[in-house]
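A closer look at the structure
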Amino acid sequence: MNSLFAMVNLPKCISLFVRFDDLYSRNSKNSAKDESAAILGAQFKIGKYVKIAPNFRVAMPKANEIENIYAAYLNCQFEL
């Protein structure tokens, strides 16, 4: 597996992030599960103890007969 991650902090408690993973098998038995995946999103600190991070994800299987999978998520963090 190879992975890249980057995050940029912007003013007003906002951060942008991106991640790319290249997932591959060590043997040919599992090569049908090989894929690349990417995540792009933003994190907003909306209070002293609350962060939200809307993000968009895509999984790109390396097998030709399988289509890409797209998803949108909203991650929330509440600290005590």
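From a predicted model like this one, the values you see are computed outputs, not experimental measurements.

Moving on, we come to the confidence of the model for the protein chain. Averaged over every residue, the pLDDT of the protein chain is 90; residues scoring 70 or more account for 94%. Looking over the protein chain, one finds the lowest element-wise mean pLDDT in strand β1 (residues 2-10), namely 93, and the highest in strand β5 (residues 69-78), namely 96.

To continue, consider the pairing of strand β2 (residues 14-23). Note that β1 and β2 share nine bridges and pair antiparallel. Note that in β2 the partner of Leu4 across the bridge is Phe20. Hairpin connection of β1 to β2: three residues between the antiparallel strands, including Lys12 at a positive phi of 65°. With ten bridges connecting them, β2 and strand β3 (residues 35-45) associate as antiparallel partners. Pairing of Arg19 across the sheet is with Ile39, part of β3.

All right, on to the packing of aromatic side chains then. Counted according to the given criterion, the structure contains one aromatic pair. Note on Phe56 and Tyr70: the rings are 6.1 Å apart at their centroids and 20° apart in plane angle, and the pair reads as stacked. Linking Phe56 in strand β4 (residues 50-61) with Tyr70 in strand β5, this pair joins segments that are 14 residues apart in sequence. Look at Phe56 and you get partly exposed, because its relative accessible area is 42%. Stacked on the ring of Tyr73, the Lys or Arg Arg57 has its end atom at 4.0 Å from the ring centre.

Criteria and thresholds
Residues numbered from 1 in each chain as written. Predicted model: local features only at pLDDT ≥ 70, side-chain atom pairs only at ≥ 80, totals over all residues. Heavy atoms only, no water. pLDDT = per-residue confidence, 0-100. Helix = DSSP H or I, 4+ residues; strand = E, 2+ residues; numbered from the N terminus. Pairing = 2+ DSSP bridges. Phe/Tyr/Trp six-rings, centres within 6.5 Å; stacked < 30°, edge-to-face > 60°. Buried < 20%, exposed > 50% of the residue type's maximum accessible area, 1.4 Å probe, protein only. Lys NZ or Arg CZ within 6 Å of the ring centre and 35° of its normal.

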